[in-house]
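Notes for the structure review
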Amino acid sequence: MAISSSCSSVKAVNTRWTSPSPSPSSRFSLLPTSLHRRYATNVKLTATSAALKTVEQTTLTEDNKFSSVGSDSDQDIPTLPKPRILVAEKLGEAGLNLLRDFGDVDCSYELSPEDLKKKVAESDALIVRSGTKVTREVFEAAKGRLKVVGRAGVGIDNVDLQAATEHGCLVVNAPTANTVAAAEHGIALLASMARNVAQADASIKAGKWERSKYVGVSLVGKTLAVMGFGKVGTEVARRAKGLGMNVISHDPYAPADRARALGVDLVSFDQAISTADFVSLHMPLTPATKKVFNDETFSKMKKGVRLVNVARGGVIDEDALVRALDAGIVAQAALDVFCEEPPSKDSKLIQHENVTVTPHLGASTKEAQEGVAIEIAEAVAGALKGELSATAVNAPMVAPEVLSELTPYIVLAEKIGRLAVQLVSGGKGVQSIKVVYRSARDRDDLDTRLLRAMITKGIIEPISDSYVNLVNADFIAKQKGLRISEERMVVDTSPEYPIDSIQVQILNVESNFAGAVSESGDISIEGKVKYGVPHLTCVGSFAVDVSLEGNLILCRQVDQPGMIGQVGNILGEQNVNVNFMSVGRTVVRKQAIMAIGVDEEPNSKTLERIGGVSAIAEFVFLKL
Ligand SMILES: NC(=O)c1ccc[n+]([C@@H]2O[C@H](COP(=O)([O-])OP(=O)(O)OC[C@H]3O[C@@H](n4cnc5c(N)ncnc54)[C@H](O)[C@@H]3O)[C@@H](O)[C@H]2O)c1
Ligand SMILES: O=C(O)[C@H](O)COP(=O)(O)O
């Protein structure tokens, strides 16, 4: 089957063809172009895998998070100041050294909220642990300067993600380096709680010798419910199996086969809490998990259950836990985390004789802290350089192999969006956009989130002063009332390439270039990637073929000999270098469209002279 396209099937006439070249350099920039140049170094694209979902006919929703791409050349990088990185909590030396190699590092610990707000206004990146609240006010105070927040650890519940996204600020975390430390601390609390280690230690230090008071319970043969079978939960389960415990787990999102491979049964929440002798918490704090352990859930637990929490204090209703301890439902609790940190000294929970506490020490081993520091320093520096982060929390994460394959299409997507919107009269009334991806790949085998974000960026930036990037593209589009629908068309081309073409249609608007209006009455622009280089392949109903480099002049004219020469001469006389030229026509000697790629921006006099060529009905100059 031939590729279906809205373009005329008449072949474009190439007057000059660029030699095959590698993919254009491209970055997934979180920075305005100016800042981007500042920090540019050798750019490597990295990302992590995530469930890849194909969007077929999707309208932007609040849940979709996206970002931006730049395509600056590394030539003429001015030597501008290094990025400023504010480290607001203690970070391992190895990570600090990495950051110092890259930016100006300001280590200012225990800042008041007011001082933090002052500092972020002068910082490009902020690094925190769990002790700093990065609120909406912090993002507002940054006034757009803050581009990355690095959370040196896993939990990002102390960062207002929605506010970060709205401000186009990327949030990255360090999700792996402290997993074992947290699991070991969980096991330490479990065992020391079962054997009353902390209480017995305090008793001896108080001059007592109370052997019968501190008779403990054994772990072997007991059932442990691991609530949250993620990284830490899995490691706790593995270690508990080694202690001879029977381990069950509740996690609505964990794959059963991963649990089964460890000899762990995944069960329902109620089954987990009602059968366990020990319950260990390892889920994140989210609106869904907030105070999930409350009077009702404690009442369903086995009398004498023992509870460990190294996740987040907020998953427990602390007052309800005190009641459950007093009632003997919960025999003991060992807690590393609290709703408020530090908790108040007279907290009934902290003071309870059956409760053992540590001051949020789960991640606090030398090894974990060095690892976390390196992990977050690399993520923050990478983001400032324009790399897509492997640990982005509020931007799409795409597997590295998918990303490298998509890179030239991402550049194409932005350019096609940018071109299409410049064909709207006065840039006004842009509301409905339809994107058609033609691909030979299976429907589930194409992640279009990055592409859509880049099209959005290309469309919005020329007609507004909004700064759009991968993080905030969907949010800004929604805020501006833009509806972007996506459609996948399966075509019979080589599945070796992810996409055959991308077409952007802007619906229900007036155009400043009638030649760009397709038969349906909408502005329509289509592009392809050829030899790794984005090409414009269709304008309205006219097939053209021009590489998308530099800027572009589109002329609609009568198809007759000598046109290329005439326009070429005018540009040549003004020292404007033509990098590519292509003519597409619908019917021989009738209407044609000439697409001319130019390295320089022609002055108004030159453009006037082009418009003055008698066979030219209309022309438009477009910036890429
Ligand atoms: N105390 C510490 O110092 C310390 C150190 C590391 C991690 N943590 C905390 O431990 C928790 C787990 O960290 P991780 O690295 O394993 O994260 P993770 O993302 O790898 O695992 C979390 C798991 O919880 C599951 N989950 C989500 N909602 C759930 C629900 N309603 N019920 C049950 N499970 C649910 C997820 O599916 C996931 O598998 C986080 O809260 C993190 O902040 C604390
Ligand atoms: O979520 C985490 O990574 C842990 O709670 C560790 O927090 P911390 O960095 O403040 O020790």
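With an unreviewed UniProt entry as reference, the chain is termed D-3-phosphoglycerate dehydrogenase, source organism Camelina sativa. In its Catalytic activity (unreviewed entry) section, UniProt records this for the chain: "(2R)-3-phosphoglycerate + NAD(+) = 3-phosphooxypyruvate + NADH + H(+)". The annotation that UniProt attaches to the chain under Sequence similarities (unreviewed entry) is "Belongs to the D-isomer specific 2-hydroxyacid dehydrogenase family."

In this section: the site of ligand 1. Near ligand 1 you find 25 residues, and of these K231, V232, D251, V310 and D336 are the closest. A distance of 2.9 Å is found between a nitrogen atom of ligand 1 and a backbone nitrogen or oxygen belonging to V310. Taking R312, its side chain carries an N or O atom lying 3.4 Å from an oxygen atom of ligand 1. When its residues are assigned to classes, the shell around ligand 1 shows 12 nonpolar, nine polar and four charged.

Near ligand 2, the surroundings consist of R129, S130, R151, A152, G153, V154, G155, N178, R312, H360 and A363. Between ligand 2 and the protein, one listed contact pairs an oxygen atom with a side-chain N or O atom of R151 at 3.0 Å. Here H360 contributes a side-chain N or O atom positioned 2.6 Å from an oxygen atom of ligand 2. Across the complex, the protein chains shield 90% of the 310 Å² of accessible surface that ligand 2 would expose by itself. Grouping the constituent residues of the shell around ligand 2 by class yields three nonpolar, five polar and three charged.

Strand order in the open sheet formed by seven strands is β9-β8-β7-β10-β11-β12-β13, with parallel pairing between adjacent strands. One side of each edge strand has no neighbouring strand; the edge strands of this open sheet are β9 (265-266) and β13 (355-357). Strand direction decides the pairing type here: strand β11 (residues 305-309) and strand β12 (residues 330-335), joined by five bridges, are parallel. For V308, the partnering residue across the bridge sits in β12 and is A334. With respect to the sheet, helix α8 (residues 231-242) is in contact with β7 (223-227), β8 (246-250) and β10 (278-281), its orientation differing from that of β7 by roughly 170°.

Any two aromatic rings considered together are summarised by their centre-to-centre distance and by the angle between their planes. On inspection of all chains with the given rule, the structure shows one aromatic pair. Between F269 and F293, the ring centres sit 5.7 Å apart and the planes meet at 40°, which makes this aromatic pair tilted. Placement of F269 in helix α10 (residues 269-275) and of F293 in the loop between β10 and α11 (295-299) is noted, with a sequence separation of 24 residues between them. In this structure, F269 and F293 share a single accessibility class: buried.

On to the pattern of salt bridges. Using the criterion set out here, one finds 29 salt bridges in the structure. D295 is paired through a salt bridge with R323; the nearest N and O atoms lie 2.9 Å apart. With D295 in helix α11 and R323 in helix α12 (residues 318-326), this pair connects stretches of sequence that are 28 residues apart. Exposure remark for D295: the relative accessible area of 38% places this residue in the partly exposed category. Of the residues examined, R323 reaches a relative accessible area of 44% and is grouped as partly exposed. A salt bridge links R418 to E461; its shortest N-O distance comes to 3.3 Å.

Pairing in this open sheet of five strands is parallel, and the strands run β3-β2-β4-β5-β6 from one edge to the other. Edge positions in the open sheet fall to β3 (104-107) and β6 (170-173), since each of these has one partner strand only. The sheet shows a mean angle of 20° between the axes of neighbouring strands, direction not considered. Pairing of strand β2 (residues 84-87) with β3, which is carried by four bridges, proceeds in the parallel orientation. Bridge pairing in β3 places I85 opposite V105. Contacting β2, β3 and β4 (125-128), helix α2 (residues 93-102) runs over the sheet at an angle of about 140° to β3. Helix-sheet contacts for helix α14 (residues 366-385) involve β2, β4, β5 (148-151) and β6, and the interaxial angle to β5 is about 170°.

What counts and what doesn't
Residues numbered from 1 in each chain as written. Chains lettered and ligands numbered in written order. Predicted model: local features only at pLDDT ≥ 70, side-chain atom pairs only at ≥ 80, totals over all residues. Heavy atoms only, no water. UniProt positions renumbered as here; feature names shortened; annotations may be inferred. Near = heavy atom within 4 Å. Polar contact = N/O pair within 3.5 Å; in protein donor to acceptor, adjacent residues only side chain to side chain. Nonpolar A, V, L, I, M, F, W, Y, C, P; charged D, E, K, R; others polar. Areas by Shrake-Rupley, 256 points an atom, 1.4 Å probe, with all protein chains shown as cover. Pairing = 2+ DSSP bridges. Helix = DSSP H or I, 4+ residues; strand = E, 2+ residues; numbered from the N terminus. Contact = heavy atoms within 4.5 Å. Axes fitted to C-alpha atoms, helices over the stretch in contact; angles between N-to-C directions. Phe/Tyr/Trp six-rings, centres within 6.5 Å; stacked < 30°, edge-to-face > 60°. Buried < 20%, exposed > 50% of the residue type's maximum accessible area, 1.4 Å probe, protein only. Salt bridge = Lys/Arg side-chain N within 4 Å of Asp/Glu carboxyl O.

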